[in-house]
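Now for the letters of each chain:
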Amino acid sequence: MAHSLIAGPVVLCAVDLGVVEGRIHPAVDHLHRLCAEVLYHLAHQIRLLHPEGQPHEVCQRLHLFAGVEAADPGVEPRQPHKVHRAEAGEEPIPDLAVQHPPHLRGVGVEERQLQNAQGGQLLRQLAQGHAGKILTTTDARGVEIDQIGESREDPVAGENLKISLDVDLQQYAQQAALKVMEEKQAARVSILLMNPQNGEIYVCVNVPEFDLNDPFILNTDVDTSGLNEQEKQDLLNQMWRNPCLNDTYEPGSTFKIITMSAGLEAGVVSVNDRFFCPGYKLVDDRRIHCARRTGHGSQSFVEGAQNSCNPVFIEVGLRLGVENYYHYFKEFGLLKKTGVDLPGEAGTIMHKMENMGNVELATVAFGQSFQITPIQLATTVSSLINGGRRITPHFGISVESADGTKVRTLEYPVESGIVSGETSRTVRTILETLVSEGSGKNAGIQGFSIGGKTATSQTLPRGSGRYISSFLGFAPAEDPKVLALCIIYAPQGMYYGGIIAAPVVRSIFENVLPYLGIKRTVTETPSGENRADGVD
């Protein structure tokens, strides 16, 4: 009889495993390393209990059971997730229905996890396989009748799913996120890393994250003593969310990349156009301020982008007009979901066109008064800098048989002609100068051409003193191979994205670019030193 097991991170065990006649078929990253902790948003939980023997012996059996090379017994489980270990003779945790796969004592799955955890349908379908059957003939009492014989249906093994997430990059980005969250006493931090050419997602980090070994324990200090079961469940559901996909936010000035692209594509602005910023822009009866209240004075469009000047982008939005701006908003794919291959993606929250006036248009033009998901922003910007192809972000790359033979390559929709190649090149060039000369200097790395955009948006209600700081960067600027988005929610103290989020992306790129084989090509590029001369 075939068995099925859904499991999650422990040591290097695989996510959403399918067991067919004692063989587990896992998910592997692009280097064929078993992926568990990097896919926590896909995972269910496996609880490791070893009533006899040493932990590494159970791990060895786990790897043998999975049909992969055993881990070094001396290697400790990967951090930050810890393996739950029951001491010899200790009873399993009560009230948990634990299933034990055959021939593997001490490894089980919490039944509640199978019912409550979300995501990974494709992975389950690929991994689970089909159970075999033995058909026999019995009499009315259920006793098998001899000499009639039996028929068999052989089990079909599950398949392996090769994914784009990289174990090493995920762990490094998580360390960077935890570091800046602690330094800035932030509410949370999200980091996305993806290939802007094809949509492969290398990193998806959200901290603080819940402990996969204790997924029903809240990761906050909320007092639940006076809450009913539904209220407790609501808190758990909120904790289990993946903010990169499931939650929306006001992107702030990173969205000026969209306004820039629309204005250039429509021909309402050029790189040589001049603007004057007195520190505000009057729109109907509203005075909308620039981040620099004293104003930037006379500047070109490129300089306005380098300064992240609100009045410049308000003017571009007004030149486009509501109907035309809404056309590009839709044309760029912002009114539909990205189609990422995980469940629960949230949609854009945007004004209806008939309800937009000049004031609403002005605020949208610099990234406020509407909300999108981080994955939507990263996907849309990728499409604007890759030559104009709207790509689909995804984790799944290919399906492979148990022996490693590729069964099929997974394909995802691509829409061409989002913007012209000329507009895309101009946008890349402007965003490169923003890092080399403008408010994104703190993301600069010696020898690498990097493009990017800073952002600092004030959360609702306005005047609350709470901000969202972010930076979106890509490299190489002339032919982007990797795009990073770092979002810091509610930082304390200094909150400008160019000051606190840009250095995080710089730190990640310093390690990621050589790792991906991207070479230094620029003889003189500013190296970030946490400058404060450009704020946003």
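As the structure is a prediction and not an experimental result, all values here were calculated from the model. (Residues numbered from 1 in each chain as written. Predicted model: local features only at pLDDT ≥ 70, side-chain atom pairs only at ≥ 80, totals over all residues. Heavy atoms only, no water.)

Caption draft 1: Region of the structure containing the pairing of strand E16 (residues 396–400). Of all five residues making up E16, five are buried, and the element is well covered by its neighbours. With four bridges connecting them, strand E9 (residues 160–163) and E16 associate as antiparallel partners. Across the sheet, Lys162 pairs through a bridge with Ser398, a residue of E16. As paired elements, E16 and strand E17 (residues 406–409) share three bridges and run antiparallel to each other. The residue bridging Val399 from the neighbouring strand is Arg408, located in E17. (Buried < 20%, exposed > 50% of the residue type's maximum accessible area, 1.4 Å probe, protein only. Helix = DSSP H or I, 4+ residues; strand = E, 2+ residues; numbered from the N terminus. Pairing = 2+ DSSP bridges.)

Caption draft 2: A look at the pairing of strand E11 (residues 201–207). Across the seven residues that make up E11, a large majority, seven, are buried. Judged from the six bridges that link them, strand E10 (residues 188–194) and E11 form a sheet pairing that is antiparallel. The residue of E11 that forms the bridge with Leu192 is Cys204. Hairpin remark: E10 followed by E11, antiparallel, with six residues in the connecting loop; positive phi at Gly199, about 90°.

Caption draft 3: Summary view of helix H7 (residues 256–266). In terms of burial, H7 is largely enclosed, as nine of its eleven residues are buried. Taken residue by residue, H7 has Lys256, Ile257, Ile258, Thr259, Met260, Ser261, Ala262, Gly263 and Leu264 as its buried positions. Count one or two residues on from H7 and you reach Gly267, which has phi positive near 80°.

Caption draft 4: Expanded view of the packing of aromatic side chains. Across all of its chains, the model carries eleven aromatic pairs by this definition. Aromatic side chains Phe301 and Phe313 sit 5.8 Å apart centroid to centroid with 50° between the ring planes, which places their arrangement in the tilted category. Here Phe301, found in helix H8 (residues 301–306), pairs with Phe313, found in helix H9 (residues 310–331); they are twelve residues apart in sequence, far enough to count as distant. Since its relative accessible area comes to 0%, Phe313 is described here as buried. Plain terms: the ring middles of Tyr328 and Phe332 are 5.7 Å apart, the flat faces sit at 50° to each other, and that makes the pair tilted. (Phe/Tyr/Trp six-rings, centres within 6.5 Å; stacked < 30°, edge-to-face > 60°.)

Caption draft 5: How the structure looks around unusual backbone geometry. The amide bond that connects Val207 to the next residue, Pro208, takes the cis arrangement and shows omega of 0°. Here Pro208 is to be found in the loop between E11 and helix H5 (229–239). Ala475 connects to Pro476 through a cis peptide bond whose omega is -15°. Secondary-structure assignment places Pro476 in the loop between strand E19 (467–475) and strand E20 (482–489). Even without a glycine there, the phi angle at Gln185 is positive, about 50°. Its location among the elements puts Gln185 in the loop between helix H4 (167–184) and E10. Phi is positive for Ser369, close to 80°, though the residue is something other than glycine. If you trace the backbone, Ser369 turns up in the loop between helix H10 (358–365) and helix H11 (374–385). Classification of Ser369 as partly exposed rests on a relative accessible area of 28%.

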